[in-house]
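# Survey of secondary and tertiary structure
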Amino acid sequence: MSKPIVSVIVTCYNKAQYLPDALESLLAQTFNNWECIIVNDGSIDNTEDVALDYVARDKRFIYLSQENQGVVVARNNGVLKSQGEFILPLDGDDKIEKTFLEKSVEAIRKDSKIKIVCCRVDYFGEVQGEKVLRPFSLSNMLIGNCMVNTSLFRREDFDRVGGYNPNMNIGWEDWDFWLSILEDGGEVYKINEVLFYYRKLTKSRNNSFEEKKKEVRILLLSNHIELLDREYHDLFYKYNGIVESRLYKYFTRIRKIIHFFH
């Protein structure tokens, strides 16, 4: 059986100074059968020059330019242009360890029930240390994201759920996307190694929507109200109706708000 193609979708907006780190980490991969769609989301710096330099160096790099429409549109457009069986999103200022693709592809091909492969994560840049993520379960995923954006998934699942939801363009689009893939079944496999490096900057897209977190959380959960209701009953049973439980109170409040707006 021939190796599957992995399509790496590198989205970039005004991060030209960091883009070589992301692209060089691809060139260093021990798994070679990949393509990389570089999506320039309307940058006004020299992102295009940097991207085209890599396109000229290696035919596996493909350049796609669009007007600034946000990361959701950029990522969806990149995937739609791709040819890979598996997809890996990678922001233009992050990077992956040289065995990331090899180990992730090996893991996801072992079992068709595995929908997503993730790994441990280290910060680099202005912040150092490991990014601690809670263990995966659907219940945990309704409370907070258990994976980072740079996790491997199947293209067929992207097509099945319709890609990243445009109504999540403010943020947490990856969290919403993982819920869409997993809410009807499937497993997550976590490689117990640091294979992804997340650049932590003082100013970032995530910082800019801090004041809108509550609004975005309600929007995210309203996208998955059936899953919320289903997991709700499981949580109520698990906690045996203990109304003083913080988790019970949290879901009760969220559920009431979502059903009110629906």
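Residues numbered from 1 in each chain as written. Predicted model: local features only at pLDDT ≥ 70, side-chain atom pairs only at ≥ 80, totals over all residues. Heavy atoms only, no water.

## Considering unusual backbone geometry
Look at N14: it is not a glycine, yet its phi comes out positive at around 55°. Among the structural elements, N14 can be located in the loop between β1 (6-12) and α1 (19-27). You can call N14 partly exposed: its relative accessible area is 26%. Although it is not a glycine, W172 adopts a positive phi angle of roughly 60°. Position of W172 among the secondary structure elements: in the loop between α6 (155-161) and α7 (173-182). Taking relative accessible area as the criterion, W172 reaches 17% and is therefore assigned buried. (Helix = DSSP H or I, 4+ residues; strand = E, 2+ residues; numbered from the N terminus. Buried < 20%, exposed > 50% of the residue type's maximum accessible area, 1.4 Å probe, protein only.)

## Details of the packing of aromatic side chains
If you walk through the whole model with that rule in mind, you get eleven aromatic pairs. With a centroid separation of 5.8 Å and 70° between ring planes, the pair formed by F153 and W178 is classed as edge-to-face. Residue F153 is found in strand β8 (residues 152-154), and its partner W178 is found in helix α7; the two are separated by 25 residues along the sequence. Of the two residues examined, F153 and W178, each falls in the buried class. An aromatic cluster is defined as three or more aromatic residues linked by ring pairs; in this entry it consists of F153, F158, Y164, F177 and W178. Between K95 and the ring centre of F124, over which it is positioned, the NZ or CZ distance is 4.7 Å. When the ring centre of Y197 is taken as reference, the NZ or CZ atom of K95 above it lies at 5.9 Å. (Phe/Tyr/Trp six-rings, centres within 6.5 Å; stacked < 30°, edge-to-face > 60°. Lys NZ or Arg CZ within 6 Å of the ring centre and 35° of its normal.)

## So, the confidence of the model for the chain
Per-chain confidence: the chain averages 89 in pLDDT, with 84% of residues scoring 70 or above. Every residue in residues 239-243 is under pLDDT 50, and counting partners more than four places away or in other chains gives seven contacts. (pLDDT = per-residue confidence, 0-100. Contact = heavy atoms within 4.5 Å.)

## Considering the side chain of E35
Mapped onto the fold, E35 is located in strand β2 (residues 34-41). As a buried residue without a salt bridge, E35 has its nearest oppositely charged side chain in R155, at a separation of 6.9 Å. A distance of 2.5 Å separates a polar atom in the side chain of E35 from a polar atom in the side chain of S7. A polar contact is formed between the side chain of E35 and the backbone nitrogen of Q83, at a distance of 2.6 Å. (Lys, Arg positive; Asp, Glu negative; His and termini not counted. Salt bridge = Lys/Arg side-chain N within 4 Å of Asp/Glu carboxyl O. Polar contact = N/O pair within 3.5 Å; in protein donor to acceptor, adjacent residues only side chain to side chain.)

## Quick notes on the side chain of N76
With respect to the helices and strands, N76 occurs in helix α3 (residues 71-81). Beyond its immediate chain neighbours, meaning those up to four positions away, N76 contacts F158, G163 and Y164.

## Topic: the pattern of salt bridges
Between side chains of opposite charge, a pair can form as their charged atoms come close. Going through the model one piece at a time under the given rule, you end up with twelve salt bridges. A salt bridge links R60 to D58; the shortest N-O distance between them is 2.8 Å. Close ionic contact of R75 with D91 constitutes a salt bridge, the shortest N to O distance being 3.2 Å. Of this pair, R75 sits in helix α3 while D91 sits in strand β4 (residues 86-91), placing them 16 residues apart in sequence.

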